[in-house]
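Close look at the chain arrangement
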Amino acid sequence: MTNSITEFKDAEAIFITGSNTTENHPVIGAQVRQAIRKGAKLIVADPREIPLAKDADVFLKIKPGTSVALHNAMLNVILEEGLEDKEYIANVTEDFEAVAETVKKYTPEYSAAICGVDAEDIRKAARIYGGAGVATILYCMGITQHVNGTETVMTLNNLVMATGNLGKKGGGLNPLRGQNNVQGACDMGALNVFFPGYQLVTNPDAVAKFEKAWGAKLSDQPGYTMTQAIPAAHHGDVKMLYIMGENPMVSDPDTAHVKESLEKAFLVVQDLFLTETAELADVVFPAAAFAEKDGTFTNSDRTVQRVRKAVEAPGEAKADWEIFVELMNRVGYEASYNNAEEIFEEIRTVTPQYAGLTYARIEKGGIPWPCPTEDHPGTPILHIGKPARGKGLFKAVEWVESSELSSEEYPLVMTTGRILYQYHTTTMTDRTEGINKVAPGHYVEINPALAAAKGIADGDTVKVTSRRGSITTQARVSDIVGENVVFIPFHWASGANVLTNADELDPLCKIPGLKVTGVKVEKLA
Amino acid sequence: MINLKINGRPVQVEEGTTVLQAASKIGIEIPTFCNDPRLKPDGACRICTVEVEGKINLPTACTTPAEEGMSIWTESPSVVEARKEILNLLLSKHPMDCLTCSKSGTCTLQDLCYKYEIKEPAYTAPTTVQPIDESNPFYYSDPNKCISCGKCVRVCNELQNTDAISMVERGASTKVSPPFGMSLEESECVSCGNCVSICPVGALMPKSKEKFRYWETKATQTTCSYCGVGCQLELLTKDNKIVDVKPAMGKSNEGLLCVKGKFAFNFVGHPDRLTKPLVRKNGKLEESTWEEALDIVANKVKEVKAENGPNAIAAFSSARALTEDNYMMNKFMRAAIGTNNIDHCARL
């Protein structure tokens, strides 16, 4: 996130897209509603009529995979009506002209036909976003989990820069992080191309820096992403796979393919429970949970916060870092740490964004990075004055239809997501009775018109099929989804990800297009 | 700036400050049931009543703005008498079951009866026992214990903005309920538990699996392990078990939580947790020792590296693990093994 969570409450206009905020980031959802009650305007764009749609001044029920067309049309209106920040564009951005040229074609009428919404609503949305003194954008996986996910984010960024909403209190471009420490994991280089602190493995200076710090010869070749490593295990290029606290048997696309791949490799899994993935492992290490260890998490707005031990881990379970210390020494790389704070002290020396942070400084409350020195207060807002790279780069992007939708055999669009009561692959949430009472298993949301055409009643057992396979689930007939759209929450094994596509990835960031899958639905006798 | 005196002590505050806030500024505590700094003052419970020199009535400190030259007494005989009367009225329809009430030890009504030495109610109101709403799987609502302070309703409406509950009926029958006599389960309630966390008495209570008294628990502040908001919370533990969770005033959550952070903590001490390393033998996963399991993995790393090179090993790190855990997996893969094949579920 470019800005901090507390700023949402003070925004004049909020554009939420691809984020079911009240269910997936409930506390931010509550704060968005606080802002609305103080007078903020809300625009929601989503294929589902999510709870916040009712609070919105404009709700755009777009077809899945059409966000680029929507954002381009909003920019079209903003430029057409002179709502852009000319000074910002002229002074601190580049390549604006190419974008202005590209969006000319995307009139509200042109995009309305693509997105399946009213052209007038696109105009309204653009006027609210472009007309506000300061406006913020919140987005989530509904924007990114597409084969053009990166480009879709760029079109949001075009809106932010064209209206000068970057680097302003209450503005910015804010991807809501879905997991407690997805930010910290990225910061530490749990990404195939980065050492800690986003230092590229292909940069010889970075390699030299880390070779010196870590006392080892390092590779300068980008590694595999998760979405590449699984097929590589399938081909036999990856012989050994080590999975810590992840459950790709539920969370990754095309479950059948994931299973075959994991079975081919020597598999090590480190987790709290014997997950669907751990069941396939050759070795399973028992790991300590968050309440059983000291350390830090970095939240969605880059705030580094303390995690504190409240109870002992069960049996012989160990903190993940302790297991790595043991393994490092066994493979001939000497390592010795007494506690998490010693590791954090080392992190500071190699990660410029964390250099000024200490456990003592964050004892009473977290501090957002970048925090380069111990007297630096932290950075709640990025890109103040001008974008960090010097000139903010506009990117012209054309809308392209997902190839998932080209088949007559699979005419419906399945989209996926989370629900309020479960979390990711249910490993943690389904140990609470009340949760399983409220949200016991998967289902498919089907529009009443589609249900009528197929003779499906609410509660019927149905079969949903894609090119990858089919699942049996319960129908929930509801106009929360459009006529040709179905929604399945992805939390459960043998659910949505049996159907999703693992073969086609975003060429830039290798994210799969989980939000758009061509399917058909049949009633089971 | 405004100058006033509270219990004879001078205090200077900005315009718009309430008497309650002014007192708090100099460490004078005025009791409250319905006050919360995040909410608009309501003056509903009246227990924060104070004496303003020169005025006949006893205004509520939470709704009275500090004025220049005011002289306030927070524990004068008339104030104490009024508070005792309020407590007596509240107790007149409150079950006297502190011995078995789960809220005991953290109940504001109990604390104030102790402070003002009220052993039993002076009156008995003609009340009927009202049914407890146990329809929500995570908490219950016991209207018999409700003191109608309305704080839960204001948290639900002003902070959480779900508008699931309101005060219904009038007079002695006033209670907190969803509209139209709906049960909590049928209502708009999203089980965030923010009402439960702020209820000053035992009216809104978590459905606890464990038997515990609050004075037996230890509180540890930490960061929630679910989504990326980074809510701050307190884990209340007894005998190495989490027995309750309370929201803390973190920067991003401001004292709010959701159903997962508040109620879904059972996984931590769950009997299904892995407690020993497992190793596959004859096709089956069997319990093993750390020595054996670590050696198997280390030897496999060496073997694959020797035969196929370091890039034949790949790892998925975890968005749920510590930053320190993630750093160590990075160092293990990149420095100890020599490959950049490390990624995690940021894309999934």
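Residues numbered from 1 in each chain as written. Chains lettered and ligands numbered in written order. Predicted model: local features only at pLDDT ≥ 70, side-chain atom pairs only at ≥ 80, totals over all residues.

Per an unreviewed UniProt entry, chain B goes by the name 4Fe-4S dicluster domain-containing protein and belongs to Natronincola peptidivorans. As its UniProt record puts it under Subcellular location (unreviewed entry), chain B is described as follows: "Membrane". Quoted verbatim from the Sequence similarities (unreviewed entry) field of UniProt, the annotation for chain B is "Belongs to the complex I 75 kDa subunit family." (UniProt positions renumbered as here; feature names shortened; annotations may be inferred.)

Going by the annotation in an unreviewed UniProt entry, the name recorded for chain A is Formate dehydrogenase major subunit, with Natronincola peptidivorans given as the source organism.

Assigned secondary structure in chain A consists of 18 helices and 21 strands. Radius of gyration (C-alpha) of chain A: 24 Å, near the 24 Å computed for a compact globule of 525 residues. Dimensions of chain A, computed from the C-alpha atoms along their principal axes, are close to 65 × 65 × 40 Å. Here chain A holds 525 residues, and the buried ones make up 60% of them. A separation of at least 24 residues holds for 69% of the contacts in chain A among residues at least 6 apart in sequence. (Helix = DSSP H or I, 4+ residues; strand = E, 2+ residues; numbered from the N terminus. Rg over C-alpha atoms; globule rule 2.2 N^0.38 Å. Buried ≥ 20, exposed ≤ 12 C-beta atoms within 10 Å, placed from the backbone. Contact = placed C-beta atoms within 7 Å.)

Turning our attention to unusual backbone geometry. Note the cis peptide between tryptophan 369 of chain A and proline 370 of chain A, where omega equals 0°. Phi at aspartate 95 of chain A is positive, roughly 65°, even though this residue is not glycine. Mapping aspartate 95 of chain A onto the fold places it in the loop between strand 4 (93–94) and helix 5 (96–103). Of note, phenylalanine 180 of chain B is a non-glycine position whose phi angle comes to about 55°, a positive value. Mapping phenylalanine 180 of chain B onto the fold places it in the loop between strand 7 (175–177) and helix 5 (194–198). Assessed through the 8 C-beta atoms surrounding it within 10 Å, phenylalanine 180 of chain B is described here as exposed.

Next up on the list: the pairing of strand 10 (residues 232–238) of chain B. All names here are of chain B. Judged by how many residues are buried, strand 10 sits mostly within the fold: five of seven residues are covered. When strand 10 meets strand 11 (residues 241–247), the two strands line up antiparallel, connected through six bridges. Each residue of the ladder has a partner; that of lysine 238, found in strand 11, is lysine 241. Counting the residues between successive antiparallel strands, the hairpin from strand 10 to strand 11 contains two residues, one of them, aspartate 239, with a positive phi of roughly 50°. (Pairing = 2+ DSSP bridges.)

Bringing the packing of helix 12 (residues 226–235) of chain A against helix 14 (residues 255–264) of chain A into the picture now. Residue and element names in this part refer to chain A. The contact between helix 12 and helix 14 brings their axes to 8 Å, and the two run at 60°. With respect to their mutual orientation, helix 12 and helix 14 come out oblique. Regarding helix 12 and helix 14, the two cross each other, and that crossing is left-handed. Across the interface between the two elements, Ile230, Pro231, Ala233 and His234 of helix 12 pack against His257, Val258, Glu260, Ser261, Leu262 and Lys264 of helix 14. In the contact of helix 12 with helix 14, the residues fall into five nonpolar, three polar and two charged. (Axes fitted to C-alpha atoms, helices over the stretch in contact; angles between N-to-C directions. Parallel < 35°, antiparallel > 145°, perpendicular 65-115°, else oblique. Left-handed = near helix turned anticlockwise from the far one by under 90°. Nonpolar A, V, L, I, M, F, W, Y, C, P; charged D, E, K, R; others polar.)

Another aspect to go through is the interface of chain B and chain A. Facing the 97 residues of chain B at the interface are 121 residues of chain A. The element best represented in the side of chain B that touches chain A is helix 8 (residues 323–337) of chain B, accounting for 14 residues. Taken together, the residues of the side of chain B that touches chain A break down into 52 nonpolar, 28 polar and 17 charged. Looking at chain direction, strand 11 (residues 283–286) of chain A and strand 12 (residues 278–281) of chain B are connected through two bridges and run antiparallel. Paired with valine 283 of chain A across the strands is valine 279 of chain B, a residue of strand 12 of chain B.

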